[in-house]
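# Remarks on the overall topology
Here is what each chain is made of, one letter per residue.
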Amino acid sequence: MQFEQDVSSWQGLAMDVPSSPAPLIATATLPGDIQAWADHLRTTHFPPERNFLKAHVTLFHALPPMLLEEVRSLMATLAGDTSPIDARIDAVMDLGGGTALRILSPHMLDLRAQIADHFHGMLSAQDHSKPRLHVTVQNKVVRAQARALQDELAAGFAPRDFSFTGLALHHYRGGPWEAAGQWSFRRRYRS
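Residues numbered from 1 in each chain as written. Predicted model: local features only at pLDDT ≥ 70, side-chain atom pairs only at ≥ 80, totals over all residues. Heavy atoms only, no water.

### A closer look at the overall build of the chain
Helix and strand counts for the chain come out as 6 helices and 8 strands. Listed by position from the N terminus, the elements making up the chain come as α-β-α-β-α-β-β-α-α-β-α-β-β-β. Counting the 191 residues in the chain, one finds 47% classified as buried. Within the chain, contacts between residues separated by at least 24 positions form 78% of all contacts whose residues are at least 6 apart in sequence. For the chain, the exposed area adds up to about 10,100 Å²; of that, 54% sits on carbon and sulfur atoms. (Helix = DSSP H or I, 4+ residues; strand = E, 2+ residues; numbered from the N terminus. Buried < 20%, exposed > 50% of the residue type's maximum accessible area, 1.4 Å probe, protein only. Contact = heavy atoms within 4.5 Å. Areas by Shrake-Rupley, 256 points an atom, 1.4 Å probe, with all protein chains shown as cover.)

Below, the structure is given as structure tokens:
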């Protein structure tokens, strides 16, 4: 209960002021070819008046800002000990008022679970729930528009295998995200 009160107090801070505390968003980094493809889909289909982010895969939506240095340290350590993580974009995903690309990656979910375990008791309700890895290409549209895009994308859809290349951290200030760090997976694949 106390943490939920703390979260609501720092989430209400002025997010436009660069020096103010801002929730931290943790993402998994896509390889260049998948990033470009997903960015193109997002630019084409996301409502332009609300599209000020590149395509991304969110791992945590709102880590407390007072954990910034601890999150950075943990992500750097994990990235150094982790090989690029296999994943598959396996389906078009219905978000109700939007559309996403569903991602399967048991190893990324394992890594996320390690981070969640480290910050046990400090996660928001949203970040405490089981994640559904995805890339959003459209959001906050009427249901009929979302269904039309899902049908269009599903008609020509083919699964895509790739490897996540690292982790990134961002400050959320109400608009475009402010970079707070990026770490590449550096461990070599085992033969």
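Now that the structure has been shown, the text picks up again.
### A few points about the environment of His 56
Summarising the element assignment, His 56 is placed in the loop between α2 (32-45) and β2 (57-63). On a C-alpha basis, the gap between His 56 and Leu 133 in space is 10.0 Å, while along the polypeptide they are 77 residues apart. Those residues in contact with His 56, other than ones at most four positions away along the chain, are Thr 27, Arg 42, His 134, Val 135, Thr 136 and Trp 177. A polar side-chain atom of His 56 sits 2.8 Å from the main-chain carbonyl oxygen of Lys 54. (Polar contact = N/O pair within 3.5 Å; in protein donor to acceptor, adjacent residues only side chain to side chain.)

### Description of the packing of aromatic side chains
Per the counting criterion, the structure on display carries 1 aromatic pair. It is Arg 160 that lies over the ring of Trp 37; its NZ or CZ is 3.7 Å from the centre. (Phe/Tyr/Trp six-rings, centres within 6.5 Å; stacked < 30°, edge-to-face > 60°. Lys NZ or Arg CZ within 6 Å of the ring centre and 35° of its normal.)

### Some remarks on the sheet that holds strand β4 (residues 99-104)
Strand pairs in the sheet, formed through backbone hydrogen bonds, run parallel or antiparallel to each other. With antiparallel pairing, the 4 strands of this open sheet are ordered in space as β5-β4-β3-β6. The two strands at the open ends of the sheet, each matched to only one other strand, are β5 (134-138) and β6 (160-164). Neighbour-to-neighbour, the strand axes of the sheet open up by a mean angle of 35°, direction not taken into account. Relative to β4, strand β3 (residues 85-94) runs antiparallel, the two sharing 6 bridges. If you follow Arg 88 over to β4, its bridge partner there is Leu 104. Relative to the sheet, α2 contacts β3, β4, β5 and β6, its axis offset from that of β5 by approximately 30°. Docked against the sheet, helix α6 (residues 143-155) engages β3, β4 and β5, running at close to 130° with respect to β3. (Pairing = 2+ DSSP bridges. Axes fitted to C-alpha atoms, helices over the stretch in contact; angles between N-to-C directions.)

### So, α2
Here α2 contains 14 residues, and its C-alpha end-to-end distance of 20 Å stays within 8% of the 20 Å for a straight helix at 1.5 Å per residue. Looking only at α2, the buried set comprises Ile 34, Gln 35, Ala 38, Asp 39, Leu 41, Arg 42 and His 45. Seen from one end, α2 has its buried residues packed into an arc of 165°, which puts them on one side. What points out from α2, more than 90 degrees from its buried face, is the exposed set Gly 32, Asp 33, His 40 and Thr 43. Buried residues along α2 sit against β3, β4, β5, α6 and β6. (Expected span 1.5 Å × (residues − 1). Arc of directions from axis to C-beta.)

### Remarks on the pattern of salt bridges
Summed over the entire model, instances satisfying the criterion amount to 7 salt bridges. The partner of Arg 173 in a salt bridge is Glu 178, and the shortest N-O contact between them spans 2.6 Å. Its relative accessible area of 31% is what places Glu 178 among the partly exposed residues. (Salt bridge = Lys/Arg side-chain N within 4 Å of Asp/Glu carboxyl O.)

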